[in-house]
Amino acid sequence: MSHISNHLPTAELQALDAAHHLHPFTAERRLAEKGVRVITRAQGVWLTDSDGQKIIDGMAGLWCVNIGYGREELADIAARQMRELPFYNTFFQTTHLPAISLAEKVCEKTPQNLNHVFFVGSGSEAIDTSIRMVRTYWAIRGYSEKKAIISRKNAYHGSTVGAASLGGMTSMHEQGDLPIPNVHHINQPDWWSEGGDLSPAEFGWARAQELERTINELGEDRIAAFVAEPIQGAGGAIIPPETYWPEIQRICDAYEILLIADEVICGFGRTGNWFGSETFKIKPDVMTIAKGLSSGYQPIGGCVISDDIAEVLGQQEFYHGYTYSGHPVAAAVALENIRLLEEENIIGRAANVVAPYLKEKWEELEAHPMVGEARIIGLIASIALTPDKETRAKFAAATGTSGEIVRDRCFANNLVMRHVGDRMVISPSLIITPEEIDIVMSRAWQSLDEAEKIIKTRGLWKVAPPVC
Ligand code: PXG
């Protein structure tokens, strides 16, 4: 058996990595100068690096290891499936047991009318699939002009050409000539940064109204769908005001457009229910899923569609699919992951025991001099960093400067917390214990204190002039 626990010294691993391995969303030269951290093992919510340091993972990997690291059951099922049927495709009039069973299980979990799933290998592929599906749906029904998709600024839907186009991150659009045609972005419901003098409730409602205005401007007969994450994840764990989703739902009901809920982060327990759509009472026509579907143990995602859409799409061949659509090993692992989530009531326990405890501790962070709002639903939480809480001011330095300092202090203190601009985010595994939450919180406080000192020493504690 080959495994890599007996490895080269860290410095040599870092040099090799810098020489040949290109990292996602990374300025390679800058990383090579800093030196990459080499993660070698993980158990529960704990990572171990090549120097033997134990790091507490506040991000569940990349918002995905919902069940926690080290579940033998998932390793065993993968090995068994690899022996029995490591691969077979589902293109040419064939299927296999893991795909059949997982499809049934996923559709049992998703809301009532979402009963058909197209498997893919990732969240980005799920989003690309949804773009082609909703446009094809309207075309088959005779409305081929209904192809525009309305998305939101600062949304994240993935990195393929289609998914990055739906995403609302301008820095991504600048690379690779994006977005693709017929994508429109409306404003996001981020009250802290953009709410001005409106109350959160007024602001949430106003931002939802932008959807209706855009539908009327573009014309209902040109719009295929509206796509949104129930909570924007990579955008900074932006929890919308309570008025936002009900108004969006009213608008989607009033017009003939489809609603795509991107549940790649929110799905499989993150918000305290199986799906963010349940938490916010959203009735999507299409749901994209990935990450928590397999708790990240295997790359797999899906695009789940309503009975109505499946009925229409079923009239023709849909020229779309990936070699690894419904991959048997990934599907078997995802099925076992869902079985464990169900049998051990992991989502219920996270919602009723762990989330209230984390909420109490997380909201205490608002007492820190550098923390503006602290927001949390289920096990997804964020704080806004600010040099002046009263005015909700931004730092004068380039966005992300303070966030990166806090992130680096967290990492140095063996806590993984993500920064998004000047927001800090956590999204731990659902199996995190109250004792482990105490460790996360004490490291977070310490890191914020250290970062505050660094920011002040470097002369960065300055308020940005207001934007007119
Ligand atoms: N939709 C949403 C809502 C996501 O969060 C994707 C789609 C794309 O999934 P794939 O599997 O293609 O990556 C995502 C992915 C971050 C970060 O830094 C977030 C994601 C991926 C990588 C980094 O917060 N989300």
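Quick caveat, the model's predicted, so the values are computed rather than measured. (Residues numbered from 1 in each chain as written. Predicted model: local features only at pLDDT ≥ 70, side-chain atom pairs only at ≥ 80, totals over all residues. Heavy atoms only, no water.)

Let's shift gears to the packing of helix H16 (residues 401–412) against helix H17 (residues 434–457). Where H16 contacts H17, the axes come no closer than 8 Å and their chain directions differ by 135°. Viewed along their axes, H16 and H17 adopt a mutual orientation that is oblique. The two elements H16 and H17 meet at a crossing, and its hand is right-handed. Along its contact with H16, which presents Ser402, Ile405, Val406, Arg409 and Cys410, the element H17 presents Ser447, Leu448, Glu450, Ala451, Ile454 and Ile455. Its residues assigned to classes, the contact of H16 with H17 shows seven nonpolar, two polar and two charged. (Axes fitted to C-alpha atoms, helices over the stretch in contact; angles between N-to-C directions. Helix = DSSP H or I, 4+ residues; strand = E, 2+ residues; numbered from the N terminus. Parallel < 35°, antiparallel > 145°, perpendicular 65-115°, else oblique. Left-handed = near helix turned anticlockwise from the far one by under 90°. Contact = heavy atoms within 4.5 Å. Nonpolar A, V, L, I, M, F, W, Y, C, P; charged D, E, K, R; others polar.)

A word on the state of the cysteines. As enumerated under the stated definition, the model contains zero disulfides in all. We note that Cys64 lacks a disulfide partner, and the nearest cysteine sulfur, in Cys266, lies 14 Å from it. Here Cys303 stays free of any disulfide, with the sulfur of Cys107 as its closest cysteine sulfur at 11 Å. (Disulfide = S-S within 2.5 Å.)

Enumeration over the complete set of coordinates arrives at one cavity of 30 Å³ or more. The volume enclosed by the largest cavity comes to roughly 50 Å³. Along the walls of the largest cavity sit Pro189, Asp190, Trp191, Trp192, Ile238, Ile239, Glu373, Arg375 and Arg423, which together make up its complete lining. For the lining of the largest cavity, the elements supplying multiple residues, two or more each, are helix H9 (191–194) and strand E11 (371–377). Looking at the lining of the largest cavity, its residues break down into five nonpolar, no polar and four charged. (1 Å grid on protein atoms, 1.4 Å probe; cavity = no way out; pocket = protein on both sides within 12 Å on 5 of 7 lines; lining within 4 Å. Points joined across faces, edges and corners; volume = space filled by probe spheres on them.)

As a matter of local geometry, the ligand sits amid 15 residues, with Trp63, Gly123, Ser124, Asp262 and Arg418 nearest to it. Gly123 is positioned with one of its backbone polar atoms (N or O) 2.9 Å from an oxygen atom of the ligand. In this structure, Arg418 approaches the ligand through a side-chain N or O atom, which is 2.6 Å from an oxygen atom. For the shell around the ligand, the secondary structure elements donating two or more residues are helix H3 (60–63) and helix H6 (123–140). Among the residues making up the shell around the ligand, the classes are represented as six nonpolar, five polar and four charged. (Near = heavy atom within 4 Å. Polar contact = N/O pair within 3.5 Å; in protein donor to acceptor, adjacent residues only side chain to side chain.)

Another aspect to go through is the packing of helix H10 (residues 200–218) against helix H11 (residues 244–254). Between H10 and H11, the least distance of the axes is 7 Å, while the angle of their chain directions is 20°. Of the possible angle classes, the one that applies to H10 and H11 is roughly parallel. Handedness of the crossing formed by H10 with H11: right-handed. Contact with H10, carried on its side by Gly204, Trp205, Arg207, Ala208, Gln209, Leu211, Glu212 and Ile215, involves Tyr244, Glu247, Ile248, Arg250, Ile251 and Cys252 of H11 and no other residues of that element. Grouping the constituent residues of the contact of H10 with H11 by class yields eight nonpolar, two polar and four charged.

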